[in-house]
Each structure stands twice: as structure tokens, then as C-alpha cells.
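This is what each chain is made of:
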Amino acid sequence: MSPGSFPGVEAALSSPSRLKTWNPGSQSHGRVCRGSIIVSGLALSHPRRSDSIRFLRRGKWRRSPLKSRLYILAENRVFTQDGANPVPDLDQQRQRQVYVPAAGILPLNLDVENFKGNSSDLTFKEARKESPFEQEAWRLLRASIVHYQGCPVGTIAANDPTDASALNYDQVFIRDFVPAGIAFLLKGEPAIVRNFLLCTLRLQSWEKTVDFYSPGQGLMPASFKVQSVAAEEDTCEEILDPDFGEAAIGRVAPVDSGLWWIILLRAYGKSTGDLSLQERMDVQTGIRMILKLCLSDGFDMFPTLLVTDGSCMIDRRMGIHGHPLEIQALFYSALQCAKEMLIPDEKSHQLLTAVNSRLSALSFHIREYYWLDIAKLNEIYRYKTEEYSHEAVNKFNIYPEQIPDWLADWMPDHGGYFIGNLQPAHMDFRFFSLGNLWAIVSSLATPQQSSGILDLIQDRWKHLVGSMPLKICFPAFENEEWRIITGGDPKNTAWSYHNGGSWPTLIWQFTLACIKMGRSEVAYEALEIMERRISRDRWPEYYDSRTGKFIGKQSRLFQTWSIAGYLVAKQLLANPEAAAYLTCEEDPGLLDAFSCRISSKQPKKA
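The rules we used
- Residues numbered from 1 in each chain as written.
- Predicted model: local features only at pLDDT ≥ 70, side-chain atom pairs only at ≥ 80, totals over all residues.
- Heavy atoms only, no water.
- UniProt positions renumbered as here; feature names shortened; annotations may be inferred.
- Helix = DSSP H or I, 4+ residues; strand = E, 2+ residues; numbered from the N terminus.
- Contact = heavy atoms within 4.5 Å.
- Pairing = 2+ DSSP bridges.
- Axes fitted to C-alpha atoms, helices over the stretch in contact; angles between N-to-C directions.
- Left-handed = near helix turned anticlockwise from the far one by under 90°.
- Nonpolar A, V, L, I, M, F, W, Y, C, P; charged D, E, K, R; others polar.
- Patch = residues over 30% accessible without salt bridge, like charges linked within 9 Å, V, L, I, M, F, W, Y side chains within 5 Å.
- Areas by Shrake-Rupley, 256 points an atom, 1.4 Å probe, with all protein chains shown as cover.
- Salt bridge = Lys/Arg side-chain N within 4 Å of Asp/Glu carboxyl O.
- Lys, Arg positive; Asp, Glu negative; His and termini not counted.
- Charge placed at Lys NZ, Arg CZ, Asp CG, Glu CD.
- Buried < 20%, exposed > 50% of the residue type's maximum accessible area, 1.4 Å probe, protein only.
- Phe/Tyr/Trp six-rings, centres within 6.5 Å; stacked < 30°, edge-to-face > 60°.
- Lys NZ or Arg CZ within 6 Å of the ring centre and 35° of its normal.
- Core = buried A, V, L, I, M, F, W, Y, C linked by side-chain atoms within 4.5 Å.

- Taking an unreviewed UniProt entry as the reference, the protein is identified by name as Alkaline/neutral invertase belonging to Selaginella moellendorffii.
- Listed in UniProt under the heading Function (unreviewed entry), the comment for the protein reads: "Invertase that cleaves sucrose into glucose and fructose."
- Under Catalytic activity (unreviewed entry), UniProt gives the following word-for-word description of the protein: "Hydrolysis of terminal non-reducing beta-D-fructofuranoside residues in beta-D-fructofuranosides."

Spelled out as C-alpha cells, the structure:
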């Protein structure tokens with residue numbers, strides 16, 4: 001929704017006249033230009049006229065960082081950015097009544113050009129000249145935006161005009177919107193992200209039932225759709241229609257949705273400096289509900305999350321049930337983000353203690369038991385089985401015969417990776433890109449392991465990058481193995497879709513990991529390969545074949561997260577400091593706990 005489509009805003013933004021305003025901090029009044037953005041007494045002039053950031057205190061203009069909520073002036077009236085009631089003004093008798101959408105939804109889509117903020121400062125950067133590819137990508141991304149009550153709330157999964165059957169690609173998926181949301185944040189357009197976070201938060205509390213059974217509180221939907229339904233007096237009203245998995249293939253709940261929501265919430269606060277969103281009572285409650293659902297007690301003996309097939313990006317049967325790496329890396333990242341955002345009080349004290357304990361146990365478990373390099377592979381090759389003692393080396397009773405034939409030749413002498421899954425008597429030796437990349441981003445991997453993962457990707461470039469970055473997993477299931485594990489899924493045939501397909505959206509996570517490890521040149525190389533054909537191929541969802549030469553046989557074109565992934569990669573490489581909005585650094589306290597676990601593995605007897 002443009003400023004001009006809101007009553008009085010176009011005039012407010014264009015008029016140079018002065019307006020008296022209310023200072024919410026000191027109750028004093030200052031004079032600022034119409035079109036300025038007010039931040040608890042700060043006045044940020046419209047960027048077309050000034051790049052200065054000033055505030056009025058005791059009759060003098062001073063500079064200050066952004067620290068609080070945003071306000072905008074419209075028709076002699078001041079509106080808060082979160083859609084709350086208007087702030088009082090001196091000339092109330094001259095004010096017009098202006099419609100304010102439902103609480104929490106922005107009344108405007110603020111498009112403040114060249115705006116960049118973080119938690120400690122607010123600066124302007126010069127606009128970078130965008131390439132024709134980027135200009136096309138932005139046009140397509142904006143064309144995919146979904147509106148609810150006149151406000152942007154997300155992007156549809158794909159916007160292919162040649163496809164008559166939309167299926168569920170016309171819905172807003174939480175995981176799919178994350179790269180789009182980050183692209184808008186890095187562009188300086190945070191309104192759509194805030195709206196998305198608040199809309200999905202509302203859906204979290206909805207009652208959910210599948211065959212008379214209701215899943216636990218705190219579950220975030222996989223997706224939602226804006227529907228128009230009949231209302232009174234022959235009118236229609238818009239509603240949000242969520243899907244918690246009850247309509248999905250296999251009826252699987254989306255475990256990763258809540259984890260991505262927390263990660264995006266933190267990125268919003270860090271990129272804009274607006275911490276008021278994450279400090280809201282309803283948002284704090286939402287964070288706690290997700291954590292309680294993930295940290296609830298069960299029968300599992302491990303700190304990893306136990307999930308079924310199809311509960312994440314790989315949303316079909318692909319043999320990832322158990323403790324897949326992707327979920328564990330996102331879980332670790334979400335725990336760190338939540339720990340940073342939760343307000344310490346009586347409600348969160350016990351929860352924060354549980355989070356710290358889980359972070360320590362999870363990091364130890366993944367680093368110790370999921371890591372695979374040539375030395376560890378040789379150790380597994382010599383494993384003894386059926387060990388029954390606390391001192392067992394082969395703790396999960398892994399049979400050496402499980403080592404696949406392809407692995408010995410594929411594993412480089414330098415580098416390594418985290419295996420895809422670990423359960424009793426089972427190791428999934430496949431390389432999963434998202435899990436390994438996010439292990440780097442979240443610091444679930446040690447610095448040495450992070451370097452090793454990127455070393456392996458570079459050494460096996462033709463297998464993992466090939467003609468289009470990046471393989472979702474390697475290698476593919478073929479022949480009888482494919483029939484047994486996928487059930488003969490015709491969409492997941494060998495080297496297609498989730499079974500070894502190449503997914504362009506993974507470029508942004510790859511770029512993020514490369515920047516964190518100081519290897520931006522590797523990301524540039526992958527992006528250059530992507531740019532050779534992604535636009536010509538009309539932005540497919542995925543590619544097929546061993547090297548990603550063919551557009552996927554059932555791939556949707558103009559896939560939104562392929563477009564957004566490309567844009568985020570370009571933006572991060574142009575502004576590497578922005579990677580800090582998403583990355584996490586190692587907590588020294590967790591590092592000490594990890595060292596203690598390594599030095600003392602002897603368990604206590606009951």
C-alpha cells in the first residue's frame with residue numbers, strides 16, 4: 001500500500017509546511033516538517049529533502065540514534081507504526097477521522113528509500129546501482145506481494161502466469177517468505193515483514209484439529225491464504241485461512257515454521273533497530289509458546305528434536321524422519337535468537353534456564369556425533385558392535401557395513417560435513433546443504449568444522465554446485481533404494497526435486513555462510529553461475545540432473561524464493577555487515593560447557 005493510497009498522507013509527504021507535534025517522551029511540543037518520521041521525539045526528515053537525523057530537545061536540534069517506535073504524520077495527525085491509536089495533537093478540532101486498520105497491522109507501507117538501521121545507530125547509504133537481473137527480480141518479487149486489509153502481509157510461493165493449476169503455490173508459506181522478508185529488510189522496507197510476523201502470530205493461537213486431534217499450542221502454520229468471504233448486507237470481508245498441515249501432502253505439521261519465525265523476528269529487530277515489536281506482550285508470549293512446544297518432555301534420550309518425514313523444506317517422504325540435521329540447525333539458531341529477545345522476568349526465567357541447558361547439550365551432540373571427516377569415517381569403518389557399557393565407543397551401535405560405496409571416494413582428505421541424520425543403528429551419510437550451511441550461520445559448527453564444510457563444497461564443486469547452485473542433498477536415491485525409501489514418489493525420482501535436485505533459493509544461505517567465514521569470493525563464483533541462466537529460465541523452483549542442467553520436470557516458474565534468494569545474496573555481498581542480522585556467534589558460556597562435556601564423559605550411575 002503506497003503512502004498516497006492512505007487518506008492525507010500524500011499531501012503530508014509533499015507539503016513543506018510546518019506542523020506541531022506531540023513528543024511522547026517529554027510531553028513537550030516541537031515543530032517538524034510534514035512527511036517526517038517521528039521516533040519518540042526524533043524527527044527523521046523525508047529522504048528526498050534531507051539525510052540528517054535530528055531531534056528537538058530543549059529548543060535545540062540534536063542528533064540521535066533510533067531507539068524506539070516509528071510515527072508518521074498524516075492530516076495533522078500522528079499515527080504509530082504498529083497501528084495503535086493516534087497520538088494526541090494540539091489542533092484536534094481540525095483533525096480528520098482517519099481509518100486505522102486492526103491493531104498490529106501497519107496503516108502504511110512505509111517505503112523510506114536508502115533507509116538502513118540497526119540496534120545501535122541509524123545511517124543512510126548511497127543507493128547501489130542495480131543490474132538488469134536485480135531490477136527484474138525486484139519487479140517479480142513485488143508482483144508476488146499479498147495484501148490483507150490493504151496492507152502487505154507476505155508473498156505467494158510462485159507467480160507463474162502460464163500455470164493454470166496453482167495448487168498451494170498461491171499461498172504465503174512461512175519458510176518461503178523468509179528470504180523475501182530479508183530482501184525487503186535489506187532494501188529498507190520493513191513494513192511487510194512486521195505485518196507478516198504479526199499476522200502469523202495471530203494464527204498461532206487458532207484452534208487446530210486433524211481427525212478430532214489437536215496438536216500442541218505454539219504451532220505455527222505452514223502457510224496461509226487471504227480469502228474473501230460473504231459478510232452482512234451483501235458485502236465481503238477478508239480473512240486469513242491458515243494451513244497447519246491438515247491440508248498438506250501427508251498431513252504433516254511444519255516443525256520448521258516456528259523456528260524460521262523466531263529467526264526472522266530477530267532479523268527484523270537487528271536490521272531496523274525497532275525492538276518494540278519483539279518486546280510486545282503478545283510477541284513475547286508467542287516466542288514462549290514455540291519454545292515450550294520444542295522443549296516439552298518426551299521419551300527421547302537425545303537433545304535433538306524428533307520429527308517425522310516431511311516436516312521441513314523436504315516436505316515429502318525422503319527418509320529424513322528421526323533427527324534430521326536441518327531441523328537441529330534451525331532449532332539451535334532459534335534457541336539462540338529467542339534467548340536474545342526474551343525479556344528476563346518471572347515468566348521467562350525457568351524457560352531461559354532450559355534454553356541454555358538445551359543449547360549446550362545440542363551443540364555437544366551435533367559436533368561430537370554428526371561430524372564426519374576422513375578420520376571419523378575410518379573410525380566408523382573399524383567400529384565394534386554390540387557394545388554394552390557406559391564406555392562404549394560405538395554409542396549408537398552403527399554397523400560399518402552401513403558405509404555406502406560412494407562415500408569412500410567422495411570424502412576429500414581435507415574438510416568434512418555433518419551427516420543428515422543419526423538414530424540407533426542408523427547414520428544417514430547424505431550431505432544436506434541447508435543443515436550444513438545453517439550450522440555455520442548459527443555457530444552450531446565450530447570454526448574448524450565450518451571451514452571444513454566450505455572446504456568440502458569447494459572440493460566437490462561439480463557435484464554440489466555444478467550448473468546451478470545448490471544441491472539440496474547429495475547423492476540421490478536411485479532404483480530399488482528410491483522405491484523403498486520414497487515409496488516410488490514420481491516427483492522425487494533420482495536427481496530431481498528433493499532427491500538430489502538443485503535449488504536456486506539456497507544461494508542466500510550459502511552466501512551468508514561464506515561471508516561469515518570470510519570467503520565471499522566463493523559466493524561470488526556461485527552467484528555468477530546462477531546469473532548465467534536463472535533469468536533466461538524464468539526463475540524456476542528447482543533444477544534436475546546430476547549437475548542441475550535441466551529445469552525441473554515439475555518445477556514452478558517465477559518461484560518467489562528463487563527470486564528472493566538471488567536478491568538477498570546480491571544484497572549481502574554488497575553489504576557484508578548486514579550478515580550480522582542473521583548470524584549468531586559462539587556463546588563463551590556454551591563453549592565452556594562444551595569443553596567440560598568433552599573432558600568428562602563419564603556418566604553418573606543412579
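Considerations on the overall build of the protein
So, step 1. Counting its secondary structure elements, the protein contains 19 helices and 21 strands.
So, step 2. Long-range contacts, defined here as pairs at least 24 residues apart, represent 68% of the contacts in the protein between residues at least 6 apart.

Details of the sheet that holds strand β13 (residues 172-173)
So, step 1. Ordered in space as β13-β14-β15, the 3 strands form an open sheet in which the pairing is antiparallel. Looking along the sheet, the strands with just one partner apiece sit at the ends: β13 and β15 (236-243).
So, step 2. Alignment of β13 against strand β14 (residues 223-230), held across 2 bridges, turns out to be antiparallel. In the sheet register, Phe-173 faces β14, and the bridge partner there is Ser-223.

Quick notes on the packing of helix α8 (residues 325-341) against helix α9 (residues 346-370)
So, step 1. Between α8 and α9, whose axes approach to 10 Å, the crossing angle comes to 145°. Both α8 and α9 take part in a crossing whose hand is left-handed. Two secondary-structure elements touch here, α8 through Leu-325, Gln-328, Phe-331, Tyr-332, Leu-335, Gln-336 and Lys-339 and α9 through Leu-352, Val-355, Asn-356, Arg-358, Leu-359, Leu-362, Ser-363, Ile-366, Arg-367 and Tyr-370.
So, step 2. Taken together, the residues of the contact of α8 with α9 sort by class into 10 nonpolar, 4 polar and 3 charged.

Describing a negative patch on the surface
So, step 1. Taken together, Glu-232, Glu-233, Asp-234 and Glu-237 make up a surface patch of like negative charges.
So, step 2. Note on Glu-233: relative accessible area 74%, which makes it exposed.

Section: the packing of aromatic side chains
So, step 1. For the coordinates displayed, the defined rule picks out 23 aromatic pairs.
So, step 2. Arranged with centres 4.9 Å apart and planes meeting at 20°, the rings of Trp-410 and Phe-474 form a pair that is stacked. Note that Trp-410 is positioned in helix α11 (residues 405-410) and Phe-474 in strand β19 (residues 473-474), a separation of 64 residues in sequence.
So, step 3. Here Trp-410 falls in the buried class, since its relative accessible area comes to 5%.
So, step 4. Take Phe-474: its relative accessible area is 8%, and that puts it in the buried class.
So, step 5. One aromatic cluster is present, built from ring pairs that chain together Trp-406, Trp-410, Tyr-417, Phe-431, Phe-474 and Trp-495.
So, step 6. A cation over a ring is seen here: Lys-491 above Tyr-497, with NZ or CZ 4.3 Å from the ring centre.
So, step 7. The ring of Tyr-169 carries Arg-556 above its face, with NZ or CZ at 4.5 Å from the centroid.

Brief notes about the nonpolar core
It is characteristic of soluble globular proteins that their nonpolar side chains tend to be buried jointly.
So, step 1. Residues Trp-261, Tyr-417, Ile-457 and Phe-510 are the most contacted members of the largest nonpolar core, which totals 157 residues.
So, step 2. If you tally residues by element for this core, the top one is α8, at 11 residues.

Focus on the sheet that holds strand β17 (residues 416-423)
So, step 1. Strands sit in the order β16-β17-β18-β19 across an open sheet of 4 strands; the sheet is antiparallel. Both edges of this open sheet fall to β16 (371-373) and β19, since each of them pairs with a single strand only.
So, step 2. Pairing of β17 with strand β18 (residues 426-432) involves 4 bridges; the strand directions are antiparallel. Pairing of Asn-421 across the sheet is with Asp-428, part of β18.
So, step 3. Strands β16, β17 and β18 of the sheet are contacted by α9, whose axis makes an angle of about 105° with β17.

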